[in-house]
Amino acid sequence: MTIQTANLSGIDIRAEIERLRKDRNAVILAHYYQSPEIQDLADYIGDSLELSKKAATTDAEVIAFCGVRFMAETAKILAPEKIVILPDMDAGCSLEDSCPPEKFKAFREAHPDHIALTYINCSTEVKALSDVIVTSSSAETILAQIPPEQKIIFGPDRHLGGYLSRKFNREMVLWPGVCIVHEAFSETELIKLKAQHPGAPVAAHPECPPHIIDHADYVGSTSGILKFATEFPGNTLIVATEPHIIHQMEKALPGKTFIGAPGADGQCSCNICPYMALNTLEKLYLALRDLKPRIEIEEGLRLAAKKSLDAMLAMAGGTVGKGDLGPA
Ligand code: 13P
Ligand code: SF4
């Protein structure tokens, strides 16, 4: 995208963000995958479900969403009267990209007696075509409420869908999407890392493929993994999700060691989400200054998408922060 190329030299970006946050009556929401400098100045940090709930209930007039576009769109769907800004409108998601609405519509139509249980990592259009949205921290609670005889299609993440299907021993028709970040972990390198740290548990996000999940001691959402990090009895934890989450672990537990699970090169740099990384402090400053890029959603589409999100919020109950999917 064309970034506003204002000359920012000589500007104290942090001080300006502070000033604008007050002047604009803005709240800064950040996902755990954002850079530490963004996490550190956010008003709230959370997983997808927590940030949706915060967006729906905030008194602020402006929501500065430091996450990816589907998260900011969710905020706008739930809080249409607010101005929702996203520092970089190109902050997409490979799962969303894998699931074009017209193809998803055909998928739905090919399964007329199924309900569409859909991961929140999708476009507003796909939400509008779905019955119930889930996040990784609410998926299990929600699935448990769907009668066993009800047939289900699940998209767009085949790994989260496959994990739920195996855990619940419940057949679901899966859309073939993947997260490019969680797909990049290497089983061979993970086994080597485990050998170097005998006894260190592995906590994994359910977007990981089964060959990584098979090595996990705990599987859950970002908030669930964080909770596990505060509770596990040892000193070293191997973390199989986007490595920026480790910032919160190191802040909460400075005496413990957190190691990002490796990619094929033995490093974890390939597991940084390239979409989340598009947001920077500079772009956040410009977004607060100019109140753009702004999320806008046509009202009919918003109302259609809101139905499946409302169903999620009604069925998710008190899952926020509890983290969810539990031991592997
Ligand atoms: P969480 O809901 O666990 O925060 O996951 C969001 C996400 O995009 C993971 O890749
Ligand atoms: Fe999408 Fe994966 Fe990035 Fe999450 S980590 S936003 S699922 S590409």
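**Concerning the packing of helix α3 (residues 48-57) against helix α4 (residues 69-78)**
As a packed pair, α3 and α4 sit with axes 8 Å apart at the nearest point and diverge in direction by 35 degrees. Where α3 crosses over α4, the handedness of that crossing is right-handed. When α3 is examined against α4, the residues Ser48, Ser52, Ala55 and Ala56 are found in contact with a partner set consisting of Met71, Thr74, Ala75 and Leu78. Residues of the contact of α3 with α4, tallied by class, amount to five nonpolar, three polar and no charged.

**Digging into the packing of aromatic side chains**
Inspection of every chain in the model, using the stated rule, returns six aromatic pairs. Ring geometry for Phe228 and Phe232: centres 6.2 Å apart, planes at 20 degrees, overall stacked. According to the relative accessible area criterion, Phe228 is buried, its value standing at 17%. Here a set of aromatic residues connected by ring pairs shows up, and it is made of Tyr218, Phe228, Phe232 and Phe258. Sitting over the ring of Tyr44, Lys54 keeps its end group 3.9 Å from the ring centre. The residue whose ring lies beneath Lys256 is Phe232, and the NZ or CZ to ring-centre distance is 4.5 Å.

**Here's the deal with the state of the cysteines**
Counting across every chain of the model gives zero disulfides. Cysteine Cys122 is unpaired, with the sulfur of Cys99 as its nearest cysteine sulfur at 6.8 Å. The exposure class of Cys122 is buried, given its relative accessible area of 0%.

**Focus on the site of ligand 2**
In the vicinity of ligand 2, the contacting residues are Tyr33, Val68, Cys93, Ser94, Leu95, Asn121, Cys179, Val181, Glu207, Cys273 and Tyr275. Broken down by class, the residue content of the shell around ligand 2 amounts to eight nonpolar, two polar and one charged.

**Looking at the packing of α4 against helix α15 (residues 299-316)**
It is at 9 Å that the axes of α4 and α15 come closest, and there the two elements cross at 95 degrees. For the element pair α4 / α15, the angle class is roughly perpendicular. For the pair α4 and α15, the contacting residues are Thr74, Lys76, Ile77 and Leu78 in the first and Arg302, Ala305, Lys306, Leu309, Asp310 and Leu313 in the second. Taken together, the residues of the contact of α4 with α15 sort by class into five nonpolar, one polar and four charged.

**Describing the nonpolar core**
Nonpolar side chains tend toward joint burial in soluble globular proteins. Ranked by size, the top nonpolar core spans 51 residues in total, and within it Ile63, Phe65, Leu117, Ile142 and Phe154 carry the most contacts. The contact partners of Leu117, leaving out residues within four places of it in the chain, are Val132, Val134, Ile142, Leu143, Ile146, Ile152, Ile153, Phe154 and Gly155. Core analysis: the second largest hydrophobic core is formed by 21 residues, Leu8, Ala26, Leu284 and Tyr285 among them.

**Quick look at the pattern of salt bridges**
Taken as a whole and judged by the stated rule, the model has 18 salt bridges. The shortest N-O distance in the salt bridge between Lys227 and Glu231 comes to 3.1 Å. With Lys227 and Glu231 both in helix α12 (residues 222-231), this residue pair falls four residues apart, about one helical turn. Exposure remark for Lys227: the relative accessible area of 33% places this residue in the partly exposed category. When its relative accessible area of 52% is taken as the criterion, Glu231 is described as exposed. Notably, a salt bridge pairs Asp290 with Arg289, separated by 2.8 Å at the nearest N-O pair. You can call Arg289 partly exposed: its relative accessible area is 32%. What you see here is one network of salt bridges that share partners, running through Glu16, Arg19 and Asp23.

**Focus on the confidence of the model for the protein**
Averaged over the protein, the pLDDT score is 94; the fraction of residues at 70 or greater is 94%. Contacts from residues 1-5, a stretch scored under 50 in pLDDT, to residues over four places away or in other chains number nine contacts. When the criterion is pLDDT under 50, residues 319-328 qualifies, and its contacts beyond four places in sequence or with other chains add up to 47 contacts.

**Overview of the side chain of His247**
Note that His247 resides in helix α13 (residues 246-252). Once residues lying within four places of it in the same chain are set aside, the contact partners of His247 are Pro36, Gln39 and Asp40.

**Examining the site of ligand 1**
Around ligand 1 sit His31, Tyr33, Asp47, Ser48, Tyr119, Asn121, Ser136, His182, His205, Glu207, Ser221 and Thr222, and those are all the residues in its vicinity. Here an oxygen atom of ligand 1 and a side-chain polar atom of His31 are 2.7 Å apart. Interatomic distance of 2.8 Å between a side-chain N/O atom of His205 and an oxygen atom of ligand 1. Here ligand 1 has 300 Å² of accessible area as a free molecule, and 96% of this is covered by the chains. Of the residues assigned to the shell around ligand 1, the class counts are two nonpolar, eight polar and two charged.

Quick notes on the rules
- Along every chain, residues carry numbers that run from 1 in the direction the sequence is written.
- The naming scheme follows written order: chains are lettered A onward, ligands numbered 1 onward.
- In keeping with the model being predicted, local features are shown solely for residues with a pLDDT of at least 70 and side-chain atom pairs are shown and tallied solely at 80 or more, while totals for entire chains, interfaces and linings include all residues.
- Hydrogens and water are ignored here; the side-chain numbers use all heavy atoms of the structure.
- Helix axes are fitted only over the stretch in contact, all axes being lines through C-alpha atoms; the angle between N-to-C directions runs from 0 to 180 degrees.
- Secondary structure elements follow DSSP: runs of H or I of four or more residues count as helices, runs of E of two or more count as strands, with numbering from the N terminus.
- Helix crossings get a hand from a simple test, with the near helix turned counterclockwise from the far one by less than a right angle marking a left-handed crossing and a clockwise turn marking a right-handed one.
- Every residue pair with non-hydrogen atoms within 4.5 Å of one another is taken to be in contact.
- Polar here means any residue outside two lists: the nonpolar Ala, Val, Leu, Ile, Met, Phe, Trp, Tyr, Cys and Pro, and the charged Asp, Glu, Lys and Arg; Gly therefore counts as polar.
- Aromatic pairs are defined between Phe, Tyr and Trp rings, using the six-membered ring for Trp, whenever the two ring centres lie within 6.5 Å; interplanar angles under 30 degrees are classed as stacked, those over 60 as edge-to-face, and all others as tilted.
- For each residue, the accessible area found with a 1.4 Å probe, counting protein chains only, is set against the maximum for its type, and the residue is called buried under 20%, exposed over 50%, and partly exposed in between.
- Look at NZ for Lys and CZ for Arg. If either is within 6 Å of the ring centre and within 35 degrees of the ring normal, a charge sits over the ring.
- Disulfides are defined as pairs of cysteine sulfur atoms found within 2.5 Å of each other.
- Note on terminology: near, applied to a residue and a molecule or strand, indicates that one of the residue's heavy atoms is within 4 Å of it.
- An angle counts as roughly parallel when it lies under 35 degrees, as roughly antiparallel when it exceeds 145, as roughly perpendicular when it falls between 65 and 115, and as oblique in every other case.
- Side-chain atoms within 4.5 Å link the members of a nonpolar core, which is a set of buried Ala, Val, Leu, Ile, Met, Phe, Trp, Tyr and Cys residues.
- Within this document, salt bridges are pairs made up of a side-chain nitrogen of Lys or Arg and a carboxyl oxygen of Asp or Glu, the two lying within 4 Å of each other.
- The predictor reports its confidence for every residue as pLDDT, a score running from 0 up to 100.
- Any pair of N or O atoms that falls within 3.5 Å is considered a polar contact. Within protein, one atom must be able to donate a hydrogen and the other to accept it, and sequence-neighbouring residues count only if both atoms are side-chain atoms.
- Areas reported here follow the Shrake-Rupley algorithm with a probe of radius 1.4 Å; residue values treat only the protein chains shown as occluding.

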